[in-house]
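# Tertiary structure, described
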Amino acid sequence: MFSSIKVAALSLLVASLLDVAKASVPASYAIWAADSGIARGQGNGLVNGTPTVSYEHGEFQWALRLLYEVTGNGSYFDYIKSGADTILSDDGTTIGGYNVSEYQLDHLRVGPTFTYLYDQTGDAKYKNGADLLRAQLHTHPRTPAGQFWHMQQFFNQGWLDGVYMGDVYYAEYTNRFEPENQTAWNDVNLQLSLMYENTVQTPSDANYTGLLYHGYDASFTAIWASPDRGHSPEVWDRAVGWYFMALVDLLEFVPPTQELHKTALKQLHALTPKLIAQADSVWWLVITEPGRDGNYFESSGTAMFVYSLLKAVRLGFLDDSNGNIVTTAKAAYEYTIDNWVADNGDGTMNWEATVIVGALDTDGSFDYYISQAINLNDLKGLAAFVLASIEYEKL
Ligand SMILES: *[C@@H]1O[C@H](CO)[C@@H](O)[C@H](O)[C@H]1NC(C)=O
Ligand SMILES: *[C@@H]1O[C@H](CO)[C@@H](O)[C@H](O)[C@H]1NC(C)=O
Ligand SMILES: *[C@@H]1O[C@H](CO)[C@@H](O)[C@H](O)[C@H]1NC(C)=O
Ligand SMILES: *[C@@H]1O[C@H](CO)[C@@H](O)[C@H](O)[C@H]1NC(C)=O
């Protein structure tokens with residue numbers, strides 16, 4: 001039999017556990033996730049201690065920029081600026097780790113940070129940094145039809161990732177500095193059109209979802225290139241996630257009179273019902289093979305979809321009159337916070353279940369994608385979670 005002292009101690013314990021439970025629901029997951037990344041020094045311009053251009057940092061800086069707009073908290077702006085200053089020389093003419101001859105679209109993801117800082121500070125060094133990255137596109141290698149290669153070392157290959165990394169910046173730079181350059185607008189439109197036509201699944205394909213394969217090889221020489229169209233074999237969630245974020249971010253600022261705007265809208269309309277149909281609360285790593293042994297729910301792609309869907313509905317680019325899109329995105333987001341956010345008890349959170357990499361310098365097979373490590377606090381996923389949280393918290 002419990003003594004009354006034991007009962008009192010027990011109810012005190014229960015009360016304090018309830019307090020902990022209450023305290024662990026943050027006012028804003030966007031702020032909690034961003035502050036946790038900042039506390040860990042993520043996205044600060046350093047990679048293994050060396051100033052290095054990095055698309056993950058660019059993605060996180062984009063998220064912090066939106067968070068700064070929402071909160072007005074200047075700490076986020078300062079963090080973006082200090083990350084950019086770490087990689088950019090004082091005159092803005094060199095960038096740590098950047099070598100134009102590699103022709104990596106990935107590096108251009110930092111471009112929006114430079115244009116943003118130029119607008120906010122008026123400091124010419126950021127304009128020089130922006131120009132340096134934009135200049136890469138003048139000589140960037142292309143397929144015969146005009147698609148930028150994903151990198152110099154991947155001959156004739158277009159990857160979905162590259163649209164988010166390179167083409168959003170190409171369009172943003174054009175919008176900001178050369179709005180009358182119709183050649184540039186048309187060129188970005190060509191990039192989206194070619195990428196979509198060459199990677200979209202057709203109904204006769206095995207494991208048809210109607211979404212986009214990870215990439216294609218216009219020369220049909222990659223080990224994974226399909227004999228009919230040169231596409232890679234699987235639909236990988238993060239590649240489609242990059243693509244969706246690119247479509248929605250582009251639609252937000254590309255003038256509606258541009259063909260590019262119409263193309264992005266048409267693609268968004270075609271892809272969204274297909275994406276919704278593949279939601280199993282959240283999305284599988286290899287979307288083409290739901291439930292197959294070794295496949296799993298992956299967090300970075302899921303967070304990218306939540307951000308894209310909610311933002312597209314909020315801005316009126318998707319009609320959600322039956323509420324299905326927001327319902328799906330909300331359910332996915334709630335799964336995310338219940339399963340992939342862990343409270344460290346020291347004021348920070350961990351972000352779980354993001355696959356570290358998926359690349360096409362491999363055989364691009366199901367076995368390849370599922371064999372890649374799951375990374376704790378992977379910035380590609382954490383930044384996407386900040387973006388998803390910002391949209392969810394606007395609902
Ligand atoms: C602004 O954000 C920082 C963390 O990045 C935080 O320490 C600080 O308390 C915030 N300031 C306000 C006024 O919310
Ligand atoms: C830049 O990249 C090219 C192509 O990969 C390479 O040949 C060259 O050595 C690199 N330059 C430096 C300074 O690393
Ligand atoms: C317009 O864009 C094209 C394609 O990127 C580029 O070659 C050209 O230099 C740009 N023109 C101007 C005036 O900036
Ligand atoms: C389709 O998916 C099944 C399992 O879900 C898999 O065994 C098969 O290899 C896939 N086919 C192709 C062409 O990817």
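Anyway, here's the lowdown on the structure attached to this text. Keep in mind it's a predicted model, so treat the numbers as computed, not measured. (Residues numbered from 1 in each chain as written. Chains lettered and ligands numbered in written order. Predicted model: local features only at pLDDT ≥ 70, side-chain atom pairs only at ≥ 80, totals over all residues. Heavy atoms only, no water.)

Our focus in this paragraph is the overall build of the chain. Helix and strand counts for the chain stand at 14 helices and 8 strands. In terms of overall size, the chain behaves like a compact globule, its C-alpha atoms giving a radius of gyration of 22 Å where 395 residues would be expected to give roughly 21 Å. C-alpha atoms of the chain, sized along the principal axes, occupy 85 × 55 × 40 Å. Per-residue burial for the chain yields a buried fraction of 56% across its 395 residues. By element, 54% of the accessible surface of the chain is carried by carbon and sulfur atoms, the whole surface being about 15800 Å². (Helix = DSSP H or I, 4+ residues; strand = E, 2+ residues; numbered from the N terminus. Rg over C-alpha atoms; globule rule 2.2 N^0.38 Å. Buried < 20%, exposed > 50% of the residue type's maximum accessible area, 1.4 Å probe, protein only. Areas by Shrake-Rupley, 256 points an atom, 1.4 Å probe, with all protein chains shown as cover.)

This part takes up the environment of Ile95. Counting through the fold element by element, Ile95 comes out in the loop between helix H4 (74-87) and helix H5 (111-121). Distance in space between the C-alpha atoms of Ile95 and His231 is 34 Å, their sequence separation being 136 residues. Once you skip the residues sitting within four places of it in the chain, Ile95 turns out to touch Val53, Ile87, Leu88, Phe114, Gly129, Leu132 and Leu133. (Contact = heavy atoms within 4.5 Å.)

With that settled, the discussion passes to the pattern of salt bridges. Should their charged atoms come close, side chains of opposite charge can pair. For the structure shown, the criterion picks out 13 salt bridges. Close ionic contact of Asp131 with Lys127 constitutes a salt bridge, the shortest N to O distance being 3.1 Å. Of this pair, Asp131 and Lys127 both sit in helix H6 (residues 124-139), 4 residues apart, roughly one helical turn. Owing to a relative accessible area of 25%, Asp131 belongs among the partly exposed residues under this scheme. (Salt bridge = Lys/Arg side-chain N within 4 Å of Asp/Glu carboxyl O.)

With respect to spatial proximity, the complete set of residues near ligand 3 consists of Arg134, His138, Tyr170, Glu178, Asn181 and Ala184. Contacts to ligand 3 include Tyr170, whose side-chain N or O atom sits 2.7 Å from an oxygen atom. Contacts to ligand 3 include Glu178, whose side-chain N or O atom sits 3.0 Å from an oxygen atom. Contact with the protein chains removes 52% of the 360 Å² of surface that ligand 3 exposes when unbound. Class assignment of the residues belonging to the shell around ligand 3 gives a composition of 2 nonpolar, 2 polar and 2 charged. (Near = heavy atom within 4 Å. Polar contact = N/O pair within 3.5 Å; in protein donor to acceptor, adjacent residues only side chain to side chain. Nonpolar A, V, L, I, M, F, W, Y, C, P; charged D, E, K, R; others polar.)

Grouped together as the largest cluster of nonpolar side chains are 121 residues, with contacts concentrated most on Phe114, Leu192, Tyr243, Leu268, Leu309 and Phe385. Here this core takes 11 residues from helix H9 (residues 237-253), the largest share from any one element. (Core = buried A, V, L, I, M, F, W, Y, C linked by side-chain atoms within 4.5 Å.)

The local shell around ligand 2 consists of Asn99, Ser101 and Glu102. In this structure, Asn99 approaches ligand 2 through a side-chain N or O atom, which is 2.3 Å from an oxygen atom. In the complex, the protein chains occlude 26% of the 360 Å² of accessible area that ligand 2 would expose alone.

Quick look at helix H7 (residues 161-177) now. Every α-helical turn comprises 3.6 residues, leaving residues that sit three or four positions apart pointing alike. Its 17 residues place the ends of H7 24 Å apart at the C-alpha level, agreeing with the 24 Å of an ideal helix rising 1.5 Å per residue. Of all the bends in H7, the greatest measures close to 30° and is centred on Asp167. With 14 of its 17 residues buried, H7 lies for the most part within the structure. (Expected span 1.5 Å × (residues − 1). Bend = angle between axes of the 7 residues up to and from the residue.)

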